[in-house]
Amino acid sequence: MFRRLFIVPGVLVLLGPNVMAEPMPTVAEQEIGARLGTRFAVGSVTPGGVQVGGVFLQRMAERSWFDGAASFTFGADDSACTLDGAAGSGSLTCSHGIVDGFGFQLALGGRWRLRQRRGGLEPYVRAGLALEVAYFGEDQLTGAALPLWGGLGGRFRVADGVAVGGELLLFGGPAVYDRGLGTGWTTAGMIVQAGVDFAL
């Protein structure tokens, strides 16, 4: 499954900038979409795992869109935090893996469509700011973050008003957690996901 989610972002790199452009197809003023992929966490307190979400697109200009998204991350729920001191006292240390924890993300930003490629590929870039809530159930650890995110995507239209594709996104930003961890933490990682968009 993970191998298939890497196919579309890889195609974008192989096509290169010298492929002849074709006329841009007619697009809707608004679109909604669904996303399914994997979120790989960097750091000990960033949630990672299977990511499921949806997007809303509002066309602002010929090649630019408002891009709003909401998603959930479902990872493993094993305990990975310990107290350094004796008898459960002292500072908390956590070592969660790349696909641990639960997260909810609400992202706002923009999408900019690049010139259409031969074969119907519609490449684009996405970027914006997100509000994230993280929770590691076995450790009773909760946090919030404000990561910046951005990346590349591409899609093919398979029917009138329907397009399928994939994306590779990077994210990172400041985070704060309870149980004495406080501020000074960073949430960061990578998202690889496939999706389908529908014209409204």
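In this text the structure is predicted, and so the values were computed from the model without any measurement.

**Concerning the nonpolar core**
- Val45, Cys81, Leu92, Cys94, Ala134, Phe136, Leu141, Ala145, Ala175, Tyr177 and Leu181 form the largest nonpolar core, which has eleven residues in total.
- At the level of elements, β5 (92-94), β7 (122-136), β8 (141-145) and β10 (162-177) are the ones that each hand at least two residues to this core.
- One finds Ala69, Leu169, Phe171 and Ile191 within the second-largest nonpolar core, a separate group that totals eight residues.

**A closer look at the pairing of strand β6 (residues 102-113)**
- Where strand β3 (residues 64-74) lies against β6, eleven bridges are found, and the strand directions are antiparallel. Opposite Phe72, over in β6, you have Phe104 as the bridge partner.
- As judged from the twelve bridges shared by β6 and β7, these two strands associate in the antiparallel manner. If you follow Gly109 over to β7, its bridge partner there is Gly128.

**Considerations on the state of the cysteines**
- For the structure on display, the rule yields one disulfide.
- Between the sulfur atoms of Cys81 and its disulfide mate Cys94 the distance is 2.0 Å. Here the S-S torsion is close to 110°, and the disulfide linking Cys81 with Cys94 is therefore right-handed. Of this pair, Cys81 sits in strand β4 (residues 81-83) while Cys94 sits in strand β5; the two residues are 13 residues apart in sequence, bridging distant segments of the chain. Each member of the pair, Cys81 as well as Cys94, carries the same accessibility label: buried.

**Some remarks on unusual backbone geometry**
- Within the chain, Gln140 stands out as a residue other than glycine whose phi angle is a positive 50°.
- Within the fold, Gln140 resides in the loop between β7 and β8.
- The residue Arg179 is not glycine, and still its phi comes out positive at about 60°.
- Secondary-structure assignment places Arg179 in the loop between β10 and β11 (182-199).

About the cut-offs
- Residues numbered from 1 in each chain as written.
- Predicted model: local features only at pLDDT ≥ 70, side-chain atom pairs only at ≥ 80, totals over all residues.
- Heavy atoms only, no water.
- Core = buried A, V, L, I, M, F, W, Y, C linked by side-chain atoms within 4.5 Å.
- Buried < 20%, exposed > 50% of the residue type's maximum accessible area, 1.4 Å probe, protein only.
- Helix = DSSP H or I, 4+ residues; strand = E, 2+ residues; numbered from the N terminus.
- Pairing = 2+ DSSP bridges.
- Disulfide = S-S within 2.5 Å.

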